[in-house]
Amino acid sequence: MRIFLAGASGVIGQRLIPRLVQQGHVVGAMTRSAGKTELLRNLGAQAILCDVFDREALIQAVVDFQPDVILNELTDLPDDVTKIGDHADLNARIRTEGNQNLIEAARKSGSPKILAQSVAWQLPDGPDALAVAELEASVLAEGGVVLSYGQFYGPGTYHEQGRPAEPRVNIDRAADRTVEALGEPSGVVVITD
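Rules used in this analysis
Residues numbered from 1 in each chain as written. Predicted model: local features only at pLDDT ≥ 70, side-chain atom pairs only at ≥ 80, totals over all residues. Heavy atoms only, no water. Patch = residues over 30% accessible without salt bridge, like charges linked within 9 Å, V, L, I, M, F, W, Y side chains within 5 Å. Areas by Shrake-Rupley, 256 points an atom, 1.4 Å probe, with all protein chains shown as cover. Salt bridge = Lys/Arg side-chain N within 4 Å of Asp/Glu carboxyl O. Helix = DSSP H or I, 4+ residues; strand = E, 2+ residues; numbered from the N terminus. Expected span 1.5 Å × (residues − 1). Bend = angle between axes of the 7 residues up to and from the residue.

> Looking at this structure, how should I read a nonpolar patch on the surface?
A contiguous nonpolar patch, built from L77, V81, I84 and Y158 and spanning about 280 Å² of accessible area, is present on the exposed surface. Among the structural elements, V81 can be located in the loop between strand 4 (69-72) and helix 4 (88-108).

Take a look at the structure:
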């Protein structure tokens with residue numbers, strides 16, 4: 001399949017690309033950072049430089065790639081776990097506006113299947129919780145799949161040494177299960193240990 005991976009340079013995206021390529025899929029790996037395109041090519045993907053908030057450019061990138069699947073692994077999180085609260089509005093925007101832009105791009109490119117990252121735990125009331133609810137509802141309305149991940153742990157995550165509270169999932173297990181979920185029917189797939 002041709003898989004358009006948004007959020008390709010993130011912790012899960014970097015683990016997904018080699019697994020997808022190994023299974024024979026062609027991966028269009030989107031990043032908004034020019035400095036990460038070489039990394040994505042080295043992982044075996046076609047690097048696509050595009051900002052999810054540039055709606056017209058995103059639509060063109062998706063239409064040009066002609067994906068069978070759009071895999072939305074977008075987040076806007078800081079490198080420092082203690083600053084997550086400071087990024088709530090940014091992360092909420094990527095889950096709402098960013099996700100809506102991807103859905104619009106999907107519609108313009110023949111409506112490929114959409115799979116999108118969500119969380120398997122209850123977020124406190126606020127912009128992030130509202131954004132997650134909106135993302136999930138919009139993906140399901142398109143006949144897509146919500147990937148409801150536990151908190152990641154393992155190399156490259158916020159929890160490299162220890163394990164976070166449940167629900168949690170090892171980052172490599174999460175990547176393996178995501179590849180398996182490509183064939184799932186519309187619905188919510190919980191990915192936890």
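So that's the structure; there's more coming.
> Is there a simple way to explain helix 4 in this structure?
Helical geometry: 3.6 residues make up each α-helical turn, so side chains three or four residues apart lie on a common side. Taking 1.5 Å of rise per residue, 21 residues should cover 30 Å, and helix 4 covers 30 Å from first to last C-alpha, within 8% of that figure. At I94, helix 4 shows its maximal kink, close to 25°. At the exit of helix 4 stands G110, carrying a positive phi of roughly 100°.

> How should I be thinking about the pattern of salt bridges in this particular structure?
Note on pairing: side chains with opposite charge can pair once their charged atoms come close. Taken as a whole, this structure holds 15 salt bridges when the rule is applied. Here R107 makes a salt bridge to E142, at a shortest N to O gap of 2.4 Å. Here R107, found in helix 4, pairs with E142, found in the loop between helix 5 (127-141) and strand 6 (145-149); they are 35 residues apart in sequence, far enough to count as distant. In this structure, a network of salt bridges that share partners links the residues R55, E56, E104, R107, K108 and E142.

None of this, on its own, says anything about what the molecule does.
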